[in-house]
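The chain contents come next:
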Amino acid sequence: MSDMFPLSVKGAKTSRRGKVLVGPVDLELDGQGTCVVIGPNGAGKTSLLRLLHGAARLNSGQINWACSTEAAHHDQTFVFQRPVMLRRSVEDNLIYPLRMRGMARKQAKALAADWAERVGLQDMLRRPAPVLSGGEQQKLALARALIVAPKLVFLDEPCASLDGRAMREIEEILQEARAGGTRLILSTHDMGQAKRLADTVVFMFQGQVHEHSPAEPFFAQPETSRAAAFLRGDIVE
Amino acid sequence: MTDLWDGLSRAFWLVATLDAELSEIALRSLQVSLGALLVGSAIALPLAALLAVRRFRARRAVIAVLNALMGLPPVVVGLVVYVLLSRSGPFGVLGLLFTPTAMVIAQVIIIVPLIASIAHQSLRDLWAEYHDLLISMNVTQTQKIATLLWDARRALLTASLAGFGRAIGEVGAIMIVGGNIDHATRVLTTAIALETGKGDFALALALGFILIALAIFVNLTIHWLGRTEREGRW
């Protein structure tokens, strides 16, 4: 449905101060469902997401969207592991991306009210966002990412350090967005969450994409021994 | 010690009787310093935000220079502005020397580095917090600056008030470019200098107390208008 896919990544690499964070990565992504990125700490999950999003410098290789890079950036948003709250009210946080795209205040506010309701923050519109609880902040960040109707949303461990209930609520919102045709690329530590959400899985290890396959066969029988060990819960180094 | 008490009672009576001359110079003090505050903030705050969000080669140097200029000697600033505005100077045709406008210009030069340096500190911290989000949202440079200035407005208020404090208590520069002319460019600080010179310590002290009271009053008013310390955490 989206015209920014397929995304083709060829030999993409990002490094910082001479240390390679991710790459070289070759990856083909089509335009449907939820892609879950898993792997041990420091495997480059966050860096891969940032690289694809354009927030990390592409040192070599190519990232080609089906449309122009600019148009692709316009249609994607990013939810950070630690939500960044603007020092404003919940409502002002929600309308911020819309206002930056030139939408009229009134229209933006109506949309914000609608989204606040969807994520269960309708009673907190006037509250300053930085005083919300961790789960509420992440839900707000999620609504703020989805409110512009992006075709693609990156989520960097959106449920890290959240309890079960907040996690379930966030997963429900994500499933809804996915059903609405939004492509999700999500990194997670939580194998249960990966199994619940994934349509395809990317297994990262030491800055490389070790495996990229549909979720069911991956969880049933991973191709590489490292992925198998990781799924078993062994410590892979 | 008696001088202090004389000064206090003199100050009280000057205020109580709404002394005409006192109101005139107090009002001029306010006008000049508030003018400098407005113009100075209009220059310094966007400059500070630009220094926070924009990476260019001379950035560190500019910040270092701004920090250094916080201690700019007012007398020297006054002298330079005097030379620029004097009849034979490049801006002599404007006829600004010995006018309140010249005093505002001198004070703006003195307080811009101060406001910009303090503002930059807090804007830099806020930018570190917002950086990833705003980059991800693809907002333009102008939008970044506007966002930072708005969300850091309370910290910026403190920066501006520091500038106001420096402006209203400043005497060296405005004495030179204003000339302390009665009914034209005399303000509280220059009047204090004059009365001290004349040996009327009680009057000088009285004016001094009024100056301090004025500064406190303006600060409280602006804080009240800005509703700091009342809601939220920032």
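Residues take numbers from 1 onward in each chain, read along the sequence in its written order. All chains are assigned letters beginning at A, and all ligands numbers beginning at 1, according to the order in which they are written. Residue-level local features of this predicted model are given only where pLDDT is at least 70; pairs of side-chain atoms are given and counted only at 80 or more, and the full residue set underlies all totals for whole chains, interfaces and linings.

Student: Looking at this structure, how should I read the overall build of chain A?
Tutor: Each helix is a run of H or I in the DSSP string that is no shorter than four residues. Each strand is a run of E no shorter than two, and both are numbered from the N terminus. What chain A contains, in helices and strands, is nine helices and nine strands. Radius of gyration (C-alpha) of chain A: 18 Å, near the 18 Å computed for a compact globule of 237 residues. Once the C-alpha set of chain A is aligned to its principal axes, its extents read approximately 55 × 40 × 35 Å. Partly exposed residues are those whose C-beta has more than 12 but fewer than 20 other C-beta atoms within 10 Å; 20 or more makes a residue buried and 12 or fewer makes it exposed, with C-beta atoms placed from the backbone. Buried residues in chain A amount to 43% of all 237 residues. A separation of at least 24 residues holds for 66% of the contacts in chain A among residues at least 6 apart in sequence. Our radius of gyration is a C-alpha quantity, and the globule rule it is checked against amounts to 2.2 Å times the number of residues to the power 0.38. Here, residues touch in the contact sense if the C-beta positions derived from the backbone fall within 7 Å of one another.

Student: Would you take a moment to explain the interface of chain B and chain A for this structure?
Tutor: Taken together, the contact between chain B and chain A spans 14 residues of the former and 16 residues of the latter. Ranked by residue count, the leading element in the side of chain B that touches chain A is helix α5 (residues 100-136) of chain B, at six residues. Partitioned by chemical class, the residues of the side of chain B that touches chain A number six nonpolar, four polar and four charged. When residues are grouped by polarity, Ala, Val, Leu, Ile, Met, Phe, Trp, Tyr, Cys and Pro land in nonpolar, Asp, Glu, Lys and Arg in charged, and all others, Gly among them, in polar.

Student: Can you walk me through the packing of α5(B) against helix α6 (residues 141-151) of chain B in this structure?
Tutor: All names here are of chain B. In the contact formed by α5 and α6, the axes pass within 10 Å of each other and the chain directions differ by 130°. For the element pair α5 / α6, the angle class is oblique. Viewed along their axes, α5 and α6 form a crossing whose handedness is right-handed. The residues of α6 that touch α5, namely those facing Leu-123, Leu-126, Trp-127 and Leu-134, are Lys-144, Thr-147, Leu-148 and Asp-151. Residues of the contact of α5 with α6, tallied by class, amount to five nonpolar, one polar and two charged. Interaxial angles span 0 to 180 degrees and are taken between N-to-C directions of axes, which are lines fitted to C-alpha atoms, for helices over the stretch in contact. Small angles under 35 degrees read as roughly parallel and large ones over 145 as roughly antiparallel, with 65 to 115 read as roughly perpendicular and the rest as oblique. If you view the pair so one helix is near and one far, a crossing is left-handed when the near helix is turned anticlockwise from the far one by less than a right angle, and right-handed when it is turned clockwise.

Purely spatial values, then, with no claim about function.
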